[in-house]
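Observations on the model geometry
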Amino acid sequence: MNRTLYTLLFHLGLPLILLRLFWRGRRAPAYRQRIGERFALGLPALRPGGIWVHAVSVGESIAAAPMIRQLMARHPQLPITVTCMTPTGSERIRALFGDSVQHCYLPYDLPWAAARFIERARPRLAVVMETELWPNHIHQCAQRGIPVALANARLSERSARGYARFSGLTAPMLGELALIAVQTEAEAERFRRLGARSACVQVTGSIKFDLSIDPALPQRAEQLRGQWQAQHRPVWIAASTHQGEDEIVLAAHRTLLAAHPDALLILVPRHPERFASVFELCRREGLSAVRRSTGEAVQSETQVLVGDTMGELLFLFALADVAFVGGSLVPNGGHNLLEPAALGKPVLSGPHLFNFLEIAAQLREAGALREVADAEQLARAVGELWCDTAVAQGMRDAGLRVLKANQGALQRLLAGLERLLGR
């Protein structure tokens, strides 16, 4: 498949894309808003000549935040435009940066929409987070001499095989990238095999290791636990859970309650449209639950706190003694394991970690990560970590060592971006 055929198929698929957008809008009304931006219509006024950063959704926006702040500090005269594809990503960008950056949805990857957006922004540099590859946007930049960098790039063997099936589209697109800053040498080799220019591929590591924790965060968490009178209660968090995982987590919590009647679970669904249904699930299961968004205090009889707020995940991690990271008991590929590790929490996950293979392997080998397969194993692992403080402390220390050993990726990435800006 080449880019012309890809573009034709994209146009033919537009009715299905719009139907999916409206279907998602039934559960999350924000998907029905700002639809024009997705076609480069009604874009906000954008000051041109700066840096364009694309972060597809919440996780990429959070990962990009330190990089964006460094670029703002180094180049205060350059406007920074941050795009995303999801309402939750949009909310996160606004919460992180307010009016200090320009923001809109990235238009769909259609030549005319991409051209209209790029003509409006006219960036000096485009930075795409992770592996959000859009052939027409990249080609429109290349035609105008705008360097495009792929930052914190990931490429699993499975994804590489998928891209290889469309080499007529993939190879020219990768050849137009000015910098591919990858997390590991294995991923670098996959990009080269697919057609990336060797001189443009650089192993920088994962910028997710360069996570800095506000020292006030654990202090605020300790104060809140004091207000709940929960300093001595066993507390665990199940974060970024997906559909199909909540039932497993609640079953594990029921088992834990049998041995620890005062146990508290902080349950944080990944997607906001599921907040209400997960709360109702807790109630149907006969568990005493409150929602974080209501401000209702956790009482001694509260068994589940549903984390239904945006931008508080690090704080909720800080409240817990043990952290389970979701998207991993179902085949979703997992989520960021480093956030709880950076807060000194023992980290648990399910077996499906294909989005974080290298990070998971390092944490596992260091003894900072324990994987579980079902509710029984999850309950046993949490219970053991509550009871065996030495093992829990060992996992905490191991996680912090892994982070410290891998830091520096952000500075290596920024060095590469500076070279492109200096062209």
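Residues numbered from 1 in each chain as written. Predicted model: local features only at pLDDT ≥ 70, side-chain atom pairs only at ≥ 80, totals over all residues. Heavy atoms only, no water.

For the chain, the name recorded in an unreviewed UniProt entry is 3-deoxy-D-manno-octulosonic acid transferase, with Stutzerimonas balearica DSM 6083 as its organism. Per UniProt, the chain has the following entry under Pathway (unreviewed entry): "Bacterial outer membrane biogenesis; LPS core biosynthesis." Checking UniProt for the chain, the heading Catalytic activity (unreviewed entry) contains the comment "lipid IVA (E. coli) + CMP-3-deoxy-beta-D-manno-octulosonate = alpha-Kdo-(2->6)-lipid IVA (E. coli) + CMP + H(+)". (UniProt positions renumbered as here; feature names shortened; annotations may be inferred.)

With that settled, consider helix 10 (residues 216-227). For helix 10, with 12 residues, the first-to-last C-alpha span of 17 Å sits near the 16 Å given by 1.5 Å per residue. Among all positions of helix 10, only Leu217, Ala221, Leu224 and Arg225 are buried. Angular distribution of buried residues about the axis of helix 10 spans 100°; they occupy a single face of the element. What points out from helix 10, more than 90 degrees from its buried face, is the exposed set Gln219, Gln223 and Gln227. Just past helix 10, the residue Gln229 takes up positive phi, approximately 55°. (Helix = DSSP H or I, 4+ residues; strand = E, 2+ residues; numbered from the N terminus. Expected span 1.5 Å × (residues − 1). Buried < 20%, exposed > 50% of the residue type's maximum accessible area, 1.4 Å probe, protein only. Arc of directions from axis to C-beta.)

For the rest of this paragraph, the subject is the packing of helix 3 (residues 58-74) against helix 18 (residues 409-421). Packing of helix 3 against helix 18 brings their axes to within 11 Å, and their N-to-C directions diverge by 50°. In terms of axis orientation, helix 3 runs oblique to helix 18. Note that helix 3 runs across helix 18; the crossing there is right-handed. Side by side, helix 3 and helix 18 meet where Pro66, Met67, Gln70, Leu71 and Arg74 of the first sit next to Leu410, Gln411, Leu413, Leu414, Leu417 and Glu418 of the second. A class-by-class count of the residues in the contact of helix 3 with helix 18 yields 7 nonpolar, 2 polar and 2 charged. (Axes fitted to C-alpha atoms, helices over the stretch in contact; angles between N-to-C directions. Parallel < 35°, antiparallel > 145°, perpendicular 65-115°, else oblique. Left-handed = near helix turned anticlockwise from the far one by under 90°. Contact = heavy atoms within 4.5 Å. Nonpolar A, V, L, I, M, F, W, Y, C, P; charged D, E, K, R; others polar.)

Here the focus is helix 12 (residues 275-284). Helical geometry: 3.6 residues make up each α-helical turn, so side chains three or four residues apart lie on a common side. Looking only at helix 12, the buried set comprises Phe275, Val278, Phe279, Leu281 and Cys282. Seen along its axis, helix 12 keeps its buried residues to an arc of 155°; they face one direction. On its buried face, helix 12 is in contact with helix 11 (246-259), strand 9 (264-269), strand 10 (289-291) and strand 11 (304-306). Following helix 12 by one or two positions, Gly286 has its phi on the positive side, about 80°.

Looking now at the pairing of strand 3 (residues 102-105). As paired strands, strand 2 (residues 80-84) and strand 3 are joined by 4 bridges and run parallel to one another. Bridging across to strand 3, Thr81 finds its partner in Gln102. In terms of handedness, the path from strand 2 via helix 4 (residues 87-97) over to strand 3 forms a crossover that is right-handed. (Pairing = 2+ DSSP bridges. Right-handed = clockwise from strand over helix to strand, strands pointing away.)

As annotated by UniProt and renumbered to match this structure, "domain: 3-deoxy-D-manno-octulosonic-acid transferase N-terminal" (unreviewed entry) occupies residues 33-210. Along residues 33-210 the backbone is 42% helical and 17% strand, and the end-to-end C-alpha distance reaches 34 Å.

The next thing to look at is the pairing of strand 8 (residues 235-241). Burial runs high along strand 8: 7 of the 7 residues are buried. Across 6 bridges, strand 8 lies against strand 9 in parallel orientation. Its bridge partner being in strand 9, Trp236 is matched across the sheet by Leu265. In the classification by handedness, the crossover that spans strand 8, the intervening helix 11 and the parallel strand 9 is right-handed.

Taken in spatial order, the 7 strands line up as 3-2-1-4-5-6-7 in an open sheet, and their pairing is parallel. Every other strand in the sheet has two partners, leaving strand 3 and strand 7 (201-203) as the edge strands with one partner each. Between one strand axis and the next, the sheet turns by 20° as a mean value, whatever way the strands run. Across 4 bridges, strand 1 (residues 51-54) lies against strand 4 (residues 125-129) in parallel orientation. Bridging across to strand 4, Val53 finds its partner in Val127.

Topologically, Gly416 is positioned in helix 18. A relative accessible area of 2% places Gly416 in the buried class. Sequence separation of Gly416 and Arg254 is 162 residues, and the distance between their C-alpha atoms is 50 Å.

The next subject is the sheet that holds strand 10. Taking strand neighbours across the sheet as the criterion, the 7 strands line up as 10-11-9-8-12-13-14 in an open arrangement whose pairing is parallel. Where the open sheet ends on each side, the last strands, each with one partner, are strand 10 and strand 14 (369-371). Shown here is a sheet whose adjacent strand axes are inclined to one another by a mean of 20°, direction ignored. Taken together, the 3 bridges between strand 12 (residues 322-325) and strand 13 (residues 347-349) define a ladder with parallel strand orientation. Considered in strand 13, the bridge of Ala323 is made with Val347.

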